[in-house]
Amino acid sequence: MGDVVAAPWGAFLLTTYDVCDHVLRSKTWLALDGEWRARQGDGNRWAAPASRELGRALQGLNPPHHTRFRRSVGHIFDRATLSRLRDPITRTVDRLLDELAVRMRDGEADFADLVGEELPVASMGLWLDLPRADYPLLRHLAHEQGYAQELLPSASQIARSNAATLGLRDYFGALVRERRASPGDDIVSGWLRTWDELEDGDQDAADEAVYLLTMFLVIAALETSSTFLSGMVWTLDQHPDQLNWLRSNPQEVPGAVEELLRYDAPVHLTTRAAAEDTVLAGVPIAKDQLVHTLIASANHDPARTTDPEVFDIRRPGRHLSHLAFGGGIHYCIGAGLARLQAHALLEGILRRFPTLRVSVPPVWEPRVAFRRLTALQVVDH
Ligand code: HEM
């Protein structure tokens, strides 16, 4: 249908790798910030509290605000941090796979619930120093908030997202107050020190910035990684020859993870608004109109990837050819952590469960943007 396809709701769908990549990297295309959302008026999805809050957090900011927030955290998952996290995350993988093994003794176990959703929240918990007892609440709030980021959410989905937004503010507001009262050498206390300087000692402004950062990092980490970790088990289960090859070549896990990200990206699309009247691949688009970069479609663009519908973990140059983590200034800040979790989990599964298989196809929530896999029954025999 073309590179730029008009959608019935007045936006445009971008279907090819080059056009999506261009939009993600170009200054002509902006994140949906607070001002854009306010310009859409009242009584619609953009005026909902959940949406307004997203317009204030990292992914909803444009320069110079975005630059300020991104700089304030620096390279949070640099090599040193990732190598510090490797052992605790591997131990967490072992603990979760132990639990899975116990459950599978009785027959089927839900991989999505026990491992896919638990590893991301446990990783964020380790990194940010959050109590394990809070993980179920965080999982719930992240799922519910995700609806506001859907392509066309219903009124009831927006209502659920609004409620989750309040819950997230309560939770992370309390966390910031607690770290403010007794600062330590943890990440959140470090951000408070940085933001106290950036805000010239205005503690309320600094607390608000750290709340927005922490809250958004957690929700961005949970929905995406959970779907990816469970989805990768399902995709490999559907390609037993490649799974067997990987068992004999576990050193190829990183390449396999890149092909998994290309083949079945957990985030199917992201959205930008035109900063001015413009023309994209020959199609005129007015200021403030929306374009949806269809990441999943770009990852299957035959102009970029030979035989894109073939899942091939031995694909050469595969890591260059997907947009699963976006591109440009909003490129996923947690890509290093996401990869670390996926590598550790896949290595653990290959080592410990030579006969693991999916017994019932996964249950998916009917979402388009942030996909969600809610159940994946597995057995080990
Ligand atoms: C497989 C797992 C993941 C996938 C597929 C993924 C995907 C993405 C994508 C596509 C974007 C760009 C959105 C846009 O351009 O509008 C993004 C941004 C972001 N991601 Fe991830 N992500 C993953 C894991 C994580 C993790 C583990 C974290 C946190 C530790 C994280 C934090 C973020 C943040 C904060 C942003 C916004 C960055 C900005 O606007 O500057 N993500 N992610």
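Nothing here was measured: the structure is a model prediction, and the numbers come from that model.

Chemist: Can you tell me about the site of the ligand, naming the residues and giving the values?
Modeler: Within the structure, the ligand sits among 28 residues, and His 66, Arg 70, Thr 270, His 330 and Cys 332 are positioned closest to it. In the environment of the ligand, an oxygen atom lies 2.7 Å from a nitrogen or oxygen atom belonging to the side chain of Gln 59. Within the contact set of the ligand, an oxygen atom lies 2.7 Å away from a side-chain nitrogen or oxygen of His 66. Of all the elements, helix H11 (residues 203-237) adds the most residues to the shell around the ligand, at 7 residues. Here the shell around the ligand is built from residues that sort into 18 nonpolar, 8 polar and 2 charged.

Chemist: Quick one: what's the story with the nonpolar core, residue by residue and with numbers?
Modeler: Counting residues in hydrophobic clusters, the biggest one holds 117 residues, and the most contacted among them are Leu 100 and Leu 345. Sorting elements by how many residues they give to this core places H11 first, with 19 residues. Excluding its chain neighbours within four sequence positions, the residues that come into contact with Leu 345 are Val 93, Leu 97, Phe 111, Val 115, Leu 119, Leu 229 and Met 232. Grouped together as the second largest cluster of nonpolar side chains are 6 residues, Ala 11, Leu 32, Trp 36 and Trp 46 included.

Chemist: How would you sum up the coordination of the iron atom of the ligand? Please name residues and give values.
Modeler: What the protein offers the iron atom of the ligand as a donor is a single atom, Cys 332 (SG), at 2.3 Å. For Cys 332, the position within the fold is in the loop between helix H14 (295-298) and helix H15 (335-352).

Chemist: Can you explain the sheet that holds strand S8 (residues 290-294)? Please cite residues and give values.
Modeler: Across a sheet, strands are paired by hydrogen bonds formed along the backbone, either parallel or antiparallel in direction. The mixed open sheet is built from 5 strands, whose spatial order is S1-S2-S8-S5-S3. Of all strands in the sheet, those with a lone pairing partner are strand S1 (4-6) and strand S3 (29-30), marking the two edges. Pairing between strand S2 (residues 12-14) and S8: 3 bridges, direction parallel. Within the sheet, the bridge partner assigned to Phe 12 lies in S8 and is Val 291. Set on the sheet, helix H1 (residues 17-25) makes contact with S1, S2, S3, strand S5 (269-274) and S8; between it and S8 the angle comes to about 125°.

Chemist: Provide a residue-level description of the pattern of salt bridges, including the pertinent values.
Modeler: Scanning all chains against the criterion turns up 26 salt bridges. Here Glu 53 makes a salt bridge to Arg 56, at a shortest N to O gap of 3.1 Å. The exposure class of Arg 56 is partly exposed, given its relative accessible area of 32%. Across the pair Glu 259 and Arg 262 runs a salt bridge, and its minimum N-O distance is 2.8 Å. Taken together, the residues span about one helical turn, with Glu 259 and Arg 262 both in helix H13 (residues 253-263) at a distance of 3 residues. Each of the two residues, Glu 259 as well as Arg 262, counts as buried. Members of the salt-bridge network, linked through shared partners, are Asp 113, Glu 117, Glu 118, Arg 139, Glu 223, Glu 365, Arg 367 and Arg 372.

Chemist: If you had to explain the pairing of S8 to someone new, which residues and values would you point to?
Modeler: For S8, the buried fraction is high: 5 of the 5 residues fall into the buried class. Along S8, one buried face is formed by Leu 290, His 292 and Leu 294 and the opposite face, lined by Val 291 and Thr 293, is buried too. Direction of pairing for S5 relative to S8: antiparallel, over a ladder of 5 bridges. Within S8, the residue paired with Ala 273 across the bridge is Leu 290.

Chemist: Outline the side chain of Thr 271, supporting the account with residue identities and numerical values.
Modeler: If you trace the backbone, Thr 271 turns up in strand S5. Residue class for Thr 271 comes out buried when judged on its relative accessible area of 17%. A distance of 2.8 Å separates a polar atom in the side chain of Thr 271 from a polar atom in the side chain of His 292. The residues contacting Thr 271, other than those within four sequence positions of it, are Leu 32, Leu 290, Val 291 and His 292.

Chemist: Describe the side chain of His 143, with residues and values.
Modeler: Along the chain, the position of His 143 falls in helix H8 (residues 135-145). The exposure class of His 143 is buried, given its relative accessible area of 9%. Looking at His 143, its side chain comes within polar contact range of the side chain of Arg 372, at 3.1 Å. The contact partners of His 143, leaving out residues within four places of it in the chain, are Glu 117, Glu 223, Arg 367 and Arg 372.

Conventions we followed
- Residues numbered from 1 in each chain as written.
- Predicted model: local features only at pLDDT ≥ 70, side-chain atom pairs only at ≥ 80, totals over all residues.
- Heavy atoms only, no water.
- Near = heavy atom within 4 Å.
- Polar contact = N/O pair within 3.5 Å; in protein donor to acceptor, adjacent residues only side chain to side chain.
- Helix = DSSP H or I, 4+ residues; strand = E, 2+ residues; numbered from the N terminus.
- Nonpolar A, V, L, I, M, F, W, Y, C, P; charged D, E, K, R; others polar.
- Core = buried A, V, L, I, M, F, W, Y, C linked by side-chain atoms within 4.5 Å.
- Buried < 20%, exposed > 50% of the residue type's maximum accessible area, 1.4 Å probe, protein only.
- Contact = heavy atoms within 4.5 Å.
- Donors = N, O, S within 2.8 Å, 3.2 Å for Na, K, Ca; no water.
- Pairing = 2+ DSSP bridges.
- Axes fitted to C-alpha atoms, helices over the stretch in contact; angles between N-to-C directions.
- Salt bridge = Lys/Arg side-chain N within 4 Å of Asp/Glu carboxyl O.

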